[in-house]
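Structural characterization, general
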Amino acid sequence: MKIYTFPDAKRRNFWFKKILWRHVVGIFVAAFALFPLLWMASAAFDVTGQLSTQHLIPTHHGLSNFSTLFGNKEKPFLTWVRNSLVIAFSAAAMQIVIGAAAAYPLSRQKFRGRKVTLTMILIVQMFPQLLAATTLFLIINSFGKTFAILGLGHQLPLIFIFGGGALGVNTWMLKGFFDTIPTEIDEAATIDGASHFLIFSRIIVPLAAPVFVVTSLLSFIGILNEYLITSVILGLDGRNMTVAVGLQQFIYGQYAKNWGPFAAGALLATIPVFTLFIFLQRFLVSGLVSGSAKG
Amino acid sequence: MKVRDLRAKSFKFVLSYIVIFALLTMALRFIQNRSWFLGFFFLISSFLVGYIYTLQKKVPSKYLLPGFLLLFLFHIYPAVFSGYVAFTNDSNGHQISKSDAIASIIESSNIPASDIPPIEFRAATEDSTKKLFVTFQYPAGKYWVGNTSTLREVGSANPTGFTILNFSQTQSMANDLGNIQVHMAGGLIFSPQDFKTLQAGKPVLVYNVAKDELTNIESGVVYRPNNNGQMVSAEGEALDPGWKQNVGLRNFTSIIQNKEIRKPLLAVLAWTIINAILIIILSFLFGLCLALIFNFPRLASKRIYRTIFIVPMAIPNVLSVLVWAGLFTTQTGVIDRLFHTDIPWLTDSLWARIAVLIVELWLTFPYMFLITTGAIQAIPKEVVEAAEIDGASVFKSFRMIKLPLVMRTLAPLLVASMAMALNNFGAIYLLTGGGPTFPNTNGNAGATDILISYTYKLAFNGQEGNNYGLASALSILNFILVGGISIYGLRRMKTMEGIN
């Protein structure tokens with residue numbers, strides 16, 4: 001294909017009229033988008049650790065904020081990281097397993113009550129668990145009176161809360177994806193004598209792997225980000241907290257004092273999520289966009 | 001093949017029975033502890049598991065059951081339970097049943113029983129459990145060994161199975177010893193006074209079941225239950241703890257009638273709605289403009305820009321909001337220093353609201369940018385070209401063709417975003433804590449509080465104790481608000497689809 005090229009003068013003119021201002025807008029918006037990230041990174045390496053004297057390029061840089069952060073015995077950052085990972089991994093895994101299991105019959109089988117089930121899930125989605133935080137607290141409190149490990153201050157009930165809300169979170173998205181897998185494949189497998197469980201585990205799940213990547217990542221980040229229910233169930237005891245709750249307790253009302261070490265912790269917690277996100281953004285973007293285009 | 005089938009089947013049965021057994025055990029434990037609902041729930045669950053996985057043959061229910069049981073227990077039941085708590089006075093000091101509350105009041109109304117002289121005791125540990133006990137003689141000739149939870153009559157002063165501690169060992173247990181209260185018959189309580197003697201105490205309050213009142217046998221003061229689950233004397237002296245009881249519509253009427261609650265609540269409600277509407281409009285317009293500007297094929301670096309624009313989505317929100325809060329600090333914060341201003345962000349009502357909007361815009365515009373880009377790219381090229389051939393201006397082709405098409409695809413997502421914006425707890429609570437606080441208000445309501453953050457404060461951060469009942473009543477209000485807007489949005493969408 002031959003590409004039509006402008007004469008030089010015309011091309012420059014075009015660049016000025018149509019391209020230049022786009023770059024100007026782009027740079028401003030980029031500055032806005034990156035603003036807190038840049039200052040967070042800069043504060044993490046600024047050895048003065050002060051909010052009031054911080055410059056974007058720190059004049060004295062070093063790693064002292066990190067050692068302060070790790071040296072704090074009352075605010076055990078590494079324990080928080082471990083708590084966060086345990087909770088987010090288990091709950092996200094639970095969400096995916098439950099969501100996929102529920103999406104399979106809803107996508108593949110005709111049964112009475114299918115429509116009702118789908119509508120009910122949609123309605124439940126309208127009422128986020130967040131709103132019932134008060135009663136979740138009371139319920140988990142009464143759980144704890146019979147089974148200590150299911151009570152307040154333990155991770156297990158929190159995992160069940162996040163994992164248990166799964167049906168309202170992922171089912172529609174997964175069902176939508178399962179619908180795009182041709183039914184001929186499982187019909188053929190049925191004729192060959194495969195059971196429904198074999199079809200689900202050996203055919204549908206492997207074919208839907210990309211959408212599992214997206215939903216599990218979104219679930220994982222969503223749980224890491226949760227503050228309200230987490231703080232209510234785990235309480236504000238030093239060793240129990242997650243990164244999100246712990247860093248909030250660490251910095252709240254003490255911006256002047258703890259800014260540097262806080263930024264160091266925030267940066268450490270951001271890096272893995274950020275990398276994962278940028279690495280998988282292609283999937284995420286196409287997932288969101290195809291979701292929107294379908295209406 | 002057959003062997004494999006058989007193995008799979010037997011594995012399935014064994015697994016089902018293990019689950020059924022576990023659920024039944026849990027049910028029994030809950031029933032033992034008088035948690036009726038939970039016991040009932042686990043009982044039903046175990047029957048359902050048994051029926052669905054071992055008796056019937058239908059496939060869909062086998063896949064749906066685990067999800068539904070968990071959804072019910074951790075999502076639907078809490079929501080419905082809010083409806084119940086909203087009609088009670090559940091709050092700090094009002095969490096136990098009436099009989100437990102009265103027992104607790106009586107037990108703590110302990111005064112020294114002057115008619116019983118101090119009793120000698122020796123500390124001992126049980127050999128099997130290593131738990132601390134006291135052993136004593138009361139009345140003469142009757143030997144006892146006991147601690148707070150247990151009391152046993154024994155044959156002699158040196159009971160078998162126990163090791164008597166010597167004086168220095170006893171001293172080293174001082175803390176544990178101080179907590180021991182032995183409950184004897186007749187309401188008497190023996191507690192260590194020093195390392196050698198027990199002091200006898202007896203309750204000064206006596207409960208009369210028929211009249212439902214407590215009487216102080218020394219002063220003669222009578223306490224009767226008031227309408228808020230507490231024993232109160234005629235002079236207004238209240239005894240703690242109170243108990244949980246049904247208060248009917250009082251939580252709701254107090255929202256309307258009590259000025260201290262109503263005034264801040266109306267402000268909070270207004271800001272909840274205004275904030276949600278403003279942020280949806282702002283961030284949708286911002287995202288749409290960016291999508292139009294950067295969906296330009298000849299812009300070579302548009303992919304780099306797109307990656308940078310979605311950075312806010314890649315940072316854990318909780319952390320980025322906390323960073324923003326630092327940057328917004330007046331004077332010493334980066335923003336004021338950068339622009340050489342002295343703006344009371346976060347401490348002045350108006351500026352705090354602006355700061356909230358800025359942060360929410362930062363959090364939400366990447367999503368809006370992505371979905372509008374997707375929607376614009378999904379518009380068939382022919383439609384736009386046809387408009388251009390017909391001589392439509394850029395603006396007109398946007399307004400008459402692109403915008404309606406974009407709106408149609410995005411309407412459901414916008415409704416969902418609206419529902420999220422109504423409950424954006426993190427962005428507000430972590431940035432401003434809902435503050436600056438209105439003066440003289442119940443439960444700390446502030447200028448940037450939305451319903452959910454105000455509810456959280458009432459339930460878990462209250463100045464006058466945690467009020468779960470009132471918080472649940474507000475949750476119900478919030479449920480209605482969010483549900484109403486979602487349903488309205490969905491219905492609007494349906495009519496829109498009908499027109500197009």
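What you see is a predicted model; the values in this text were computed from it and never measured. (Residues numbered from 1 in each chain as written. Chains lettered and ligands numbered in written order. Predicted model: local features only at pLDDT ≥ 70, side-chain atom pairs only at ≥ 80, totals over all residues.)

Description of the overall build of chain A
Convention followed: Numbering of helices and strands starts at the N terminus; helices are DSSP runs of H or I of at least 4 residues and strands are runs of E of at least 2. Within these notes, the globule rule equals 2.2 Å times the number of residues to the 0.38 power, and the radius of gyration is based on C-alpha atoms. Here the contact rule is simple: place C-beta atoms from the backbone, and any two residues whose C-beta atoms are within 7 Å are in contact.
Looking only at helices and strands, chain A features 14 helices and zero strands. N-terminal to C-terminal, the α/β element order of chain A is α-α-α-α-α-α-α-α-α-α-α-α-α-α. Relative to its length of 295 residues, chain A is extended, with a C-alpha radius of gyration of 25 Å against a globular reference of 19 Å. The principal-axis extent of the C-alpha atoms belonging to chain A is close to 75 × 70 × 30 Å. Residue pairs in contact within chain A that sit at least 24 positions apart in sequence constitute 69% of those at least 6 positions apart.

Quick notes on the overall build of chain B
Short version of the rule: Residue burial is a threshold on neighbouring C-beta atoms within 10 Å of the residue's own C-beta, all placed from the backbone, with 20 or more meaning buried, 12 or fewer meaning exposed, and counts in between meaning partly exposed.
What chain B contains, in helices and strands, is 18 helices and 14 strands. Here the C-alpha radius of gyration of chain B, 33 Å, is well above what a compact globule of 500 residues would show, namely 23 Å. In terms of overall dimensions, chain B has C-alpha extents of about 115 × 80 × 50 Å along its principal axes. When the 500 residues of chain B are sorted by exposure, 35% land in the buried category. Across chain B, the fraction of contacts at a sequence separation of at least 24, relative to all contacts at a separation of at least 6, is 58%.

Points about the environment of K175(A)
Residues and elements named next belong to chain A. Summarising the element assignment, K175 is placed in helix α7 (residues 166-179). Between the C-alpha atom of K175 and that of Y255, which follows or precedes it by 80 residues, the distance is 46 Å. Leaving out residues up to four positions away in the same chain, K175 has contacts with A103, L106 and S107.

Quick word on the interface of chain A and chain B
Often, the extent of an interface is quoted as the loss of accessible area on bringing the components together. The partner chain B presents 82 residues to the 74 residues of chain A that form the contact. The biggest single contributor to the side of chain A that touches chain B is helix α1 (residues 8-45) of chain A, with 13 residues.

Describing the pairing of strand β5 (residues 151-154) of chain B
All names here are of chain B. Rule in force here: DSSP-based pairing: two strands are paired if at least 2 bridges between them are found.
Here strand β4 (residues 143-146) runs beside β5; their pairing, made up of four bridges, is antiparallel. Among the inter-strand pairings, Y143 is bridged to a residue of β5, identified as V154. Here β4 hands over to β5 after four residues, the two strands then running antiparallel side by side.

Observations concerning the domain arrangement of chain A
For clarity, the threshold we go by: Where each domain starts and ends follows an automatic or database-derived domain assignment.
Its domain assignment divides chain A into domain 1 (8-67) and domain 2 (76-252). With centres defined by C-alpha atoms, the gap from domain 1 of chain A to domain 2 of chain A works out at 37 Å.

What about the domain arrangement of chain B?
Residue and element names in this part refer to chain B. The criterion, for reference: Each residue is assigned to one class: nonpolar for Ala, Val, Leu, Ile, Met, Phe, Trp, Tyr, Cys and Pro, charged for Asp, Glu, Lys and Arg, and polar for all the others, Gly among them.
Here chain B is described as being made up of domain 1 (2-85), domain 2 (110-203) and domain 3 (254-499). Once you take the C-alpha centre of each, domain 1 and domain 3 turn out to be 40 Å apart. Taken together, the contact pairs four residues of domain 1 with six residues of domain 3. Split into classes, the residues belonging to the side of domain 1 that touches domain 3 amount to two nonpolar, two polar and no charged.

Structural notes on the packing of helix α8 (residues 259-294) of chain B against helix α15 (residues 394-422) of chain B
To describe two helices that pack against each other, one gives the angle between their axes and the distance between the axes. Residues and elements named next belong to chain B. As a reminder, the rule being used: Axis definition: a line fit to C-alpha positions, over the contact stretch in the case of helices; interaxial angles, taken between N-to-C directions, run 0 to 180 degrees. Throughout, the term roughly parallel applies to angles under 35 degrees, roughly antiparallel to angles over 145, roughly perpendicular to angles from 65 to 115, and oblique to all others. Here is the rule for handedness: rotate from the far helix to the near one, and if that takes an anticlockwise turn smaller than a right angle the crossing is left-handed, while a clockwise turn gives right-handed.
For the pair α8 and α15, interaxial distance at closest approach is 9 Å and the crossing angle is 135 degrees. The orientation of α8 relative to α15 falls into the category oblique. Judged by the sense of rotation from one axis to the other, the crossing of α8 with α15 is right-handed. Between α8 and α15, the residues in contact are T272, A276, I279, I280 and F284 and L414, S417, M418, A421 and L422, respectively. Of the residues belonging to the contact of α8 with α15, the class tally is eight nonpolar, two polar and no charged.

Looking at the confidence of the model for chain B
This is how the line gets drawn: The predictor rates its confidence in each residue with pLDDT, a number between 0 and 100.
Per-residue pLDDT for chain B has a mean of 83; in total, 96% of the residues score no lower than 70. This prediction of the complex comes with two scores: 0.79 for pTM and 0.85 for ipTM.

Digging into helix α6 (residues 155-164) of chain A
Summarising burial for α6(A): seven of the 10 residues are buried, a large majority. Listed in full, the buried residues belonging to α6(A) are P157(A), L158(A), I159(A), I161(A), F162(A), G163(A) and G164(A).

A word on the packing of α6(A) against helix α3 (residues 60-85) of chain B
With their axes 8 Å apart at the nearest point, α6(A) and α3(B) run at an angle of 110 degrees to one another. By the criterion of interaxial angle, the relationship of α6(A) to α3(B) is roughly perpendicular. Here F160(A), I161(A), G163(A) and G164(A) of α6(A) lie close against α3(B), whose contacting residues are L70(B), L71(B), L73(B), F74(B) and H75(B). Looking at the contact of α6(A) with α3(B) residue by residue, the class counts come to six nonpolar, three polar and no charged.

Brief notes about the sheet that holds strand β12 (residues 222-225) of chain B
All names here are of chain B. Pairing in this open sheet of five strands is antiparallel, and the strands run β10-β11-β12-β13-β14 from one edge to the other. Whereas interior strands pair on both sides, the edge strands pair on one side only; in this sheet they are β10 (205-208) and β14 (238-239). As defined by bridge partners, strand β11 (residues 213-216) adjoins β12 across two bridges and the pair is classed as antiparallel. In the strand pairing of β12, T215 is matched with V222. Here helix α4 (residues 98-108) sits on the sheet in contact with β10, β11, β13 (231-233) and β14, set at roughly 150 degrees to β10.

Some words on the nonpolar core
This is how it is decided: By our criterion, buried Ala, Val, Leu, Ile, Met, Phe, Trp, Tyr and Cys residues that link up through C-beta atoms within 7 Å make up a nonpolar core.
If you look at the biggest cluster of nonpolar residues, it comprises 155 residues, and the most contacted ones within it are A266(A), L322(B) and L431(B). The element best represented in this core is helix α3 (residues 77-108) of chain A, accounting for 15 residues. In this structure, A266(A) is in contact with M40(A), L247(A), L319(B), L322(B) and V323(B), ignoring residues within four places of it in sequence. Counting residues in each nonpolar core, the second largest holds 15 residues, with V134(B), I180(B), V182(B) and L198(B) among its members.

A word on the environment of R282(A)
When you line up the elements, R282(A) lands in helix α14 (residues 281-294). Separated by 238 residues in sequence, R282(A) and A44(A) place their C-alpha atoms 29 Å apart.

Quick word on helix α12 (residues 243-251) of chain A
Owing to its 3.6 residues per turn, the α-helix brings residues three or four apart onto one side. The buried count for α12(A) comes to eight of nine residues, which makes it a mostly enclosed element. The set of residues buried in α12(A) consists of V243(A), A244(A), V245(A), G246(A), L247(A), Q248(A), F250(A) and I251(A). Buried residues along α12(A) sit in contact with α3, α10 (209-224), α11 (228-234) and α13 (255-279) of chain A together with α11 (317-327) of chain B. Within two residues after α12(A), G253(A) carries a phi angle of roughly 75 degrees, on the positive side.

Here's the deal with the pairing of β12(B)
Residues and elements named next belong to chain B. Hairpin connection from β11 to β12: five residues lie between these consecutive antiparallel strands, with G220 at a positive phi of about 80 degrees. The sheet contact formed by β12 and β13 spans three bridges and is antiparallel. Among the inter-strand pairings, Y223 is bridged to a residue of β13, identified as S233. Count of turn residues in the β12/β13 antiparallel hairpin: five residues, of which G229 carries a positive phi of about 70 degrees.

Focus: unusual backbone geometry
Residue and element names in this part refer to chain B. At R34, a residue that is not glycine, the phi angle is positive and equals roughly 60 degrees. By the element assignment, R34 lies in the loop between α1 (2-32) and α2 (36-55). Of note in the backbone geometry, H340 takes a positive phi value of approximately 50 degrees without being a glycine. Residue placement: H340 occurs in the loop between α12 (334-338) and α13 (349-377).

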